[in-house]
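# Structure assessment
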Amino acid sequence: MAESTKTATLSFEGKTVDLPIRTPTAGPDVVDISKLYAQGGVFTHDPGYTSTSSCESKITFIDGDKGELLHRGYPIDQLAQKSHYLEVCYLLLYGDLPTAAELEDFESRVTNHTMVHEQMHNFFRGFRRDAHPMATLVGVVGAMSAFYHDSTDISDPWQREVASIRMIAKVPTIAAMAYKYSIGQPFVYPRNDIDYAANFLRMCFAVPAEDYEVDPIMARAMDRIFTLHADHEQNASTSTVRLASSSGANPFACIAAGIACLWGPAHGGANQACLEMLREIGTPDRIPEFIARAKDKDDPFRLMGFGHRVYKNFDPRAKVMKQSADEVLDLMGIHDNPTLQVAKELERIALEDEYFVDKKLYPNVDFYSGIILDAMGFPTSMFTPIFAVSRTVGWVSQWKEMISDPAMKIGRPRQLYTGHTRRDYVDVENR
Ligand code: SDX
């Protein structure tokens, strides 16, 4: 991309600093402040990174005003309708849609890495049965670095590739094992003769006592949920993975850090919190009570599944998820699902309320996903692990992009210090 000749001039206290402006292929211009401290002796301050670009990337772009999400330029609604998760994984990882031969090779490589080292089973025995599956997932994915030493040297492009495939292939197996362990059922091994989404459903719901046939409607819905959650620019968990990886830490530990960050209810934990909120509301007549709480400055309650740092319009993923919820529940013969009715009425009322309109708060990806997952038979505790399974490819793709950049340096933010200036120690008898 041609370097821009545009500059922004910052003048203060008799100093003037010219800062280069970089023009992206999409989105707002970026003022490059990397030389600001050296030339002007000041920092910038942006605690939530609301106006700060942390990196250059070619993977995903979000137009928050239009409500558009592009993966390598392809709109998410087209990918959700026409593609499937492993093809989207290839697109995110390698930059273009694969040929038929490339896709077959990629799917074969992932399929043949879905089993985990048999000794990893022992890790689960150390957790309480009632541990949240996210706690187990964080622990066991981090432990992958204790088993797969031959793909932890990030300076070796081949080891980076092997680690990428291993994580995309094994995280669903580990997530399914975390679920099985939490309900006291035996682990179910992956199979090589069914596709990625069907494999995950089978590892979660099959039992040795009988045959299990994956419902193709459920498999398609599962695949679509995976596709919708795959990547999303520099969200909190992806930024966590990038920062952890910038120190040169091994990829398994860095993805475990991303899983930990995703768990929060303001981020990936919102899908669980949202369904629990919809169940607490229970019936449409109680919606005004919860809307009032969401608007009350003195009440920490927030409408889960609503609002977004970037989207100031409908999250395009929520639109597809809402359509899928109608389709899946209808195809599964679940009519008049009370939780779905509450969700739709809550959306309607909120989007007419000036508080939500003024603040541009719309349903996000987490608002409808839980309704589908609940109908498929998952407990709410498995909602965020499923988000983590899907987002692994996004974390890995962003990790690969950063690690393979020769200009990469360790991330080390500065601060606005407002604590004590230097003072001398006082002996305890003089305090
Ligand atoms: C995900 O970043 C990503 O891309 C994340 C994600 C991905 O794919 O990786 O999209 C996945 O995390 C989706 C978001 C899931 N979280 C939730 O649904 C939790 C509920 N939402 C909020 O906590 C909130 O909307 C955030 C965290 C999502 C965004 O918060 P911001 O950008 O920091 O916005 P803010 O907190 O500054 O809110 C702006 C205003 C505030 O009011 P004022 O202080 O200006 O008066 O809007 C209000 C907020 O109080 N507000 C809400 C609200 N969300 C924001 N009020 C009520 N209910 C809400 N849900």
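Anything mentioned here points back to the structure above.
Let me sum up the structure you'll find in this document. (Residues numbered from 1 in each chain as written. Predicted model: local features only at pLDDT ≥ 70, side-chain atom pairs only at ≥ 80, totals over all residues. Heavy atoms only, no water.)

Before going further, it helps to examine the pattern of salt bridges. As enumerated under the stated definition, the model contains 22 salt bridges in all. The closest approach of N and O atoms between Glu161 and Lys400, which form a salt bridge, is 3.1 Å. Here Glu161, found in helix H7 (residues 157-182), pairs with Lys400, found in helix H18 (residues 383-403); they are 239 residues apart in sequence, far enough to count as distant. In this structure, Glu289 engages Arg286 in a salt bridge whose closest nitrogen and oxygen atoms are separated by 2.9 Å. Owing to a relative accessible area of 40%, Glu289 belongs among the partly exposed residues under this scheme. (Salt bridge = Lys/Arg side-chain N within 4 Å of Asp/Glu carboxyl O. Helix = DSSP H or I, 4+ residues; strand = E, 2+ residues; numbered from the N terminus. Buried < 20%, exposed > 50% of the residue type's maximum accessible area, 1.4 Å probe, protein only.)

A separate point is the environment of Met382. When you line up the elements, Met382 lands in the loop between helix H17 (366-375) and H18. Measuring from C-alpha to C-alpha, the distance between Met382 and Ile403 comes to 31 Å, with 21 residues separating the pair along the chain. If near-sequence neighbours (up to four positions away) are discounted, Met382 is found in contact with Pro133, Ala175, Tyr179 and Phe200. (Contact = heavy atoms within 4.5 Å.)

What follows covers the packing of helix H14 (residues 316-331) against H17. One can describe the packing of H14 onto H17 by two numbers: an axis separation of 8 Å at closest approach and a directional angle of 25 degrees. Considering their axes alone, H14 and H17 lie roughly parallel with respect to each other. In the packing of H14 onto H17, the handedness of the crossing is left-handed. Where H14 abuts H17, its residues Ala318, Met321, Lys322, Ser324, Ala325, Val328 and Leu329 lie against Tyr368, Ser369, Ile371, Ile372 and Ala375. Split into classes, the residues belonging to the contact of H14 with H17 amount to nine nonpolar, two polar and one charged. (Axes fitted to C-alpha atoms, helices over the stretch in contact; angles between N-to-C directions. Parallel < 35°, antiparallel > 145°, perpendicular 65-115°, else oblique. Left-handed = near helix turned anticlockwise from the far one by under 90°. Nonpolar A, V, L, I, M, F, W, Y, C, P; charged D, E, K, R; others polar.)

This part is about empty space enclosed by the protein. Vacant regions in the atomic arrangement are exposed by a probe of water-molecule size rolled over the atoms. The full count for this structure, using the stated rule, is three cavities of 30 Å³ or more. Reported here for the largest cavity is a volume of approximately 70 Å³. Along the walls of the largest cavity sit Met115, Val116, Glu118, His121, Thr173, Met177, Phe187, Val188, Tyr189 and Pro190, which together make up its complete lining. (1 Å grid on protein atoms, 1.4 Å probe; cavity = no way out; pocket = protein on both sides within 12 Å on 5 of 7 lines; lining within 4 Å. Points joined across faces, edges and corners; volume = space filled by probe spheres on them.)

Considered as a void within the structure, the second largest pocket measures approximately 200 Å³ in volume. Of all elements in the fold, only helix H4 (100-111), helix H8 (196-205) and helix H9 (216-228) reach the threshold of two or more residues within the lining of the second largest pocket. Looking at the lining of the second largest pocket element by element, the count peaks at four residues for H8. Among the residues making up the lining of the second largest pocket, the classes are represented as seven nonpolar, four polar and four charged.

Taken by themselves, the reported measurements are silent on function.
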